[in-house]
Every structure is written in structure tokens, then in C-alpha cells.
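Close look at the chain arrangement
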Amino acid sequence: MSPAEPLSAAEARRSPGPWRTAGADLSHNRSAVASAVVLFLVVVACLCAPLYADQIAHTDPFQSHVSGTTVVDGRTVPVLTPSSTGLGLGVTPIGPTWDPGHYFLGADNQGRDVMARLLYGGRTSLLIGVTAALLTCLVGTAVGVVAGYAGGVVDAVISRILDVVWAFPVYLLAICLSVVLLTDGLRLGPLTVEAGSLWLPVAIIAAIYVPYIARPLRGQVLVLRNKEYIQAAVGSGAPTVRILRREVLPNVLPTAIVFVPLMTALAMLTESALSFLSVGVQPPDASWGTIIEDGLGLLYTRPAVTIAPGLLIALTTAALNVLGDGVRDALDPSARLRGGV
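Residues numbered from 1 in each chain as written. Predicted model: local features only at pLDDT ≥ 70, side-chain atom pairs only at ≥ 80, totals over all residues. Heavy atoms only, no water.

**Let's talk about the overall build of the chain**
- Counting secondary structure elements, the chain contains 13 helices and six strands.
- Seen through its C-alpha atoms, the chain measures out along the principal axes to roughly 80 × 50 × 35 Å.
- Burial statistics for the chain: of 341 residues in total, 41% are counted as buried.
- With an accessible surface of roughly 18,100 Å², the chain has 66% of that area assigned to carbon and sulfur atoms.
- Charged side chains in the chain number 21 positive and 22 negative. The centres of these two groups are separated by 10 Å. (Helix = DSSP H or I, 4+ residues; strand = E, 2+ residues; numbered from the N terminus. Buried < 20%, exposed > 50% of the residue type's maximum accessible area, 1.4 Å probe, protein only. Areas by Shrake-Rupley, 256 points an atom, 1.4 Å probe, with all protein chains shown as cover. Lys, Arg positive; Asp, Glu negative; His and termini not counted. Charge placed at Lys NZ, Arg CZ, Asp CG, Glu CD.)

Structure representation (C-alpha cells):
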């Protein structure tokens, strides 16, 4: 068969599609596979939080245990002991016992099991990070495609709105929105989000990062709109919805997918910062950011309370970024060449 001869139907069926090829490339990327394994282990551990708290630690991580006791090396000891430093004021929580059934990572200043709270906090941080990232990518893709393909007044209006959001420092805008919305919640027509709901930080984080997705996708659609096959489809009278669904979206979808793990890491970092400042996740819920804030006063006596969630945030976001790079290389091999790899 000559190179110019088209493939037969059987050969076309046997040839791998672009998604299968990208999956194979990703599976051969050792760094991406290792990061995916790390993420899988973190997710599984956090999903097992109720099992650990109920069956292993036998404690309620959301209830104070000021006068509680535990067993260490066969001896019954208080979870909180009077401070022996300075003026002797306050209490010192029990430190790491390295016993999964008795305060493995110690307790915080309210006598709560740090390990159990760490697993429950991971569930919250991962939930907010993944949900906010998916919502950001969904809305950003829709906005970018509409702005880039419509052009004219529609593009001008959308672009100026994106520019206004883009101009604000990310954390300053997130803090301002959180402080305002924590009072009365969020109401958009029939949609109501209560002030203490986890959907509130999800909505705030998703809103502030939409321009980071919409702007690059808008530029990509502007280039696609001038391609010959798009112009041919327009000239043949094809409906706009059909052109967007069959010609535009398949070309921008790989870019949107690449953004998902990267935006998840960014959303988790933003949520942790807001929760550390007490304007993110609200009690009784806990996240890695709130646990760091809980351990701030114990930094010199019980540093594990703060270091443990900090290490998990760093590990999880690093794994997400490595996975995102692997997904980018698999879906767009030319990006790796442009990067000089």
C-alpha cells in the first residue's frame, strides 16, 4: 500500500486512537505513574478516616478531650498535662506515641487526635480542591470557547470582565470574598449557599481562577476559528453548536484536561491559605489548613500538629503538578519539545 493510499476500515479499527495513544504514553512516564500512585495512596488513606477513628483510634476527632486519658507503654496518662515551662500556665498535649491506637501523632490543644483529624481534613481538602478545579475548568472552558469563537462585542465584554478579575491579586480577592460571604452566605437567584457550607470556598476558589483557564483557551479558539476546516464548516452552513461540538471542543479539550491536576493543586493551596486565616473551612469541619492553624500555638512544643498537614499539602500538590506535566506531555508531545526536554 502506498503512503497516499487511505487506510481500510479494518486497519482504521486496528489503529490506536489519540486518547489510547496518550494513555500509553502516560503509562510509560515513570514520574507521572509514581505521582499517580502517591495520590492514590493519599486518597485511599483519607477515605479510610472513619475506619481509623472508629476502629483503630477509638476517638471522635471533632470532640474536645480536655480531661481525657490514654494508655502509653501500659500506663494511663492524661491527654493534656499542665505546662511545666514559663509560668506554668496552659496545657501541653501528649506528643506522638507512634501507636496507631493511642494518639499516633499526638493531640492538639483541645485533646483531639491529630492523626484522625489529619485524615478527615484530607478528605475536605481533596474534595474542595478537586471540585473547585473541575468547576473552574468547566466554566473557564465554556467562557473561553464562547469568547474566542463569537468575537466582536461578546468577546470584548467577556475579555474585559476576565481582565478585571485577573487584575486582582489572587489571595487578596479570595480573602475579600470569603470575609464578605462568611457573614450571609451566597445567594444567586434560586441558588443559596450557606455561610458554613463547604460549597462556599469551592465557589470562591473556582470564581477567582476562571480567567486562568478562559484566557489561554480563548487564544487557542481564536487561532482555530481561522483554520480552513472551520471556515469550510461555516461556509457549508453548519450550525454553530455543531461546529463547536465537533470541531472546536475536541481541539481544546486536551488543554482543559491538562489544567485539571494543576488547578487541583492550586485550589488546595488556596483553600489551605484561606482556612489557615480562618476564612475558609469553618468548624466543625476540618481541613489541612485548619489543622495547621490549630497547631500554630504548639509549634515549639508539639510541632507534629503543624508539620504533618504541611508535609501532606506539599506532597499532594507536588504529585499533582508532576502528574499534570505528564498529562501535558502525553496529550501534547510538541509541548515537551518546545520545553527542551
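**A few points about the packing of aromatic side chains**
- Counted according to the given criterion, the structure contains four aromatic pairs.
- Ring plane angle 70 degrees and centroid distance 5.2 Å describe the contact between Phe62 and Tyr120, whose orientation is recorded as edge-to-face. Of the two residues, Phe62 is situated in the loop between helix H4 (49–57) and strand S1 (69–72) and Tyr120 in helix H5 (residues 114–150); the sequence distance between them amounts to 58 residues.
- For Phe62, a relative accessible area of 34% puts it in the partly exposed group.
- With centroids separated by 4.6 Å and ring planes inclined at 25 degrees, the aromatic side chains of Trp166 and Tyr212 adopt a geometry described as stacked. Within this pair, whereas Trp166 is found in helix H6 (residues 152–167), its partner Tyr212 is found in helix H8 (residues 199–225), the two being separated by 46 residues in sequence.
- On the accessibility criterion, Trp166 (37% relative accessible area) is partly exposed.
- Note on Tyr212: relative accessible area 27%, which makes it partly exposed.
- In this structure, Arg215 packs its charged tip against the face of Trp166, placed 4.3 Å from the ring centre. (Phe/Tyr/Trp six-rings, centres within 6.5 Å; stacked < 30°, edge-to-face > 60°. Lys NZ or Arg CZ within 6 Å of the ring centre and 35° of its normal.)

**Let's talk about helix H7 (residues 170–184)**
- Spanning 15 residues, H7 covers 22 Å between terminal C-alpha atoms, matching the ideal 21 Å at 1.5 Å per step.
- Those residues of H7 lying buried are Val170, Leu173, Ala174, Ser178 and Leu181. Seen end-on, H7 carries its buried residues on one side only, within an arc spanning 130 degrees. Away from the buried face of H7 by more than 90 degrees, exposed residues Val180 and Thr183 are located.
- Packing partners of the buried residues in H7 comprise H6, strand S5 (186–188), H8 and helix H10 (240–276).
- Looking one or two residues past H7, Gly185 carries a phi angle of roughly 80 degrees, positive in sign. (Expected span 1.5 Å × (residues − 1). Arc of directions from axis to C-beta. Contact = heavy atoms within 4.5 Å.)

**Quick notes on the environment of Val91**
- Assignment of secondary structure puts Val91 in strand S4 (residues 91–93).
- Spatially, the C-alpha atoms of Val91 and Gln110 are 9.4 Å apart, while their sequence positions differ by 19 residues.
- Setting aside residues no more than four positions away along its own chain, Val91 makes contact with Leu80, Thr81, Pro82 and Ser83.

**Side note on the side chain of Thr131**
- Positionally, Thr131 belongs in helix H5.
- Separated by 2.7 Å, the side chain of Thr131 and the backbone oxygen of Leu127 make a polar contact.
- When residues no more than four places from it in sequence are discounted, the contact partners of Thr131 are Trp199 and Val202. (Polar contact = N/O pair within 3.5 Å; in protein donor to acceptor, adjacent residues only side chain to side chain.)

**Side note on the UniProt feature "transmembrane region" (unreviewed entry) in the chain**
- When the UniProt feature table is mapped onto this chain, "transmembrane region" (unreviewed entry) is found at residues 32–53, 126–152, 164–183, 195–214 and 252–269.
- Secondary structure across residues 126–152 comprises 96% helix and 0% strand; the distance between its end C-alpha atoms is 39 Å. (UniProt positions renumbered as here; feature names shortened; annotations may be inferred.)

**Regarding the state of the cysteines**
- Overall, the coordinates contain zero disulfides when judged by the stated rule.
- Counting only cysteine sulfurs, Cys46 is the nearest neighbor of Cys48, a cysteine outside any disulfide, at a range of 9.2 Å. (Disulfide = S-S within 2.5 Å.)

**Description of the environment of Tyr229**
- By the secondary structure assignment, Tyr229 is in helix H9 (residues 228–235).
- Between the alpha carbons of Tyr229 and Ile94 there is a distance of 68 Å; along the sequence they are 135 residues apart.
- Among all residues touching Tyr229, those that are not within four sequence positions of it are Leu224, Glu247 and Asn251.

**Describing the pattern of salt bridges**
- One pass over the structure, following the stated rule, counts eight salt bridges.
- Note that Asp108 and Arg112 form a salt bridge whose closest N and O atoms lie 2.9 Å from each other.
- Judged by relative accessible area, Asp108 falls into the buried class, the value being 2%.
- Judged by its relative accessible area of 9%, Arg112 is buried.
- Residues Asp108 and Arg117 are paired through a salt bridge, measuring 3.8 Å at the closest nitrogen-oxygen approach. When sorted by exposure, Asp108 lands in the same class as Arg117, which is buried. (Salt bridge = Lys/Arg side-chain N within 4 Å of Asp/Glu carboxyl O.)

**Details of the nonpolar core**
- With 35 residues, the main nonpolar core has Tyr149, Ile205, Val248 and Met263 as its most contacted residues.
- Of all elements in the fold, only H5, H7, H8, H9 and H10 reach the threshold of two or more residues within this core.
- No other element matches the ten residues that H8 contributes to this core.
- If near-sequence neighbours (up to four positions away) are discounted, Val248 is found in contact with Val145, Tyr149, Val221, Leu224, Ile230 and Ile243.
- If you look at the next biggest cluster of nonpolar residues, it comprises 30 residues, including Ala32, Leu126, Leu298 and Leu320. (Core = buried A, V, L, I, M, F, W, Y, C linked by side-chain atoms within 4.5 Å.)

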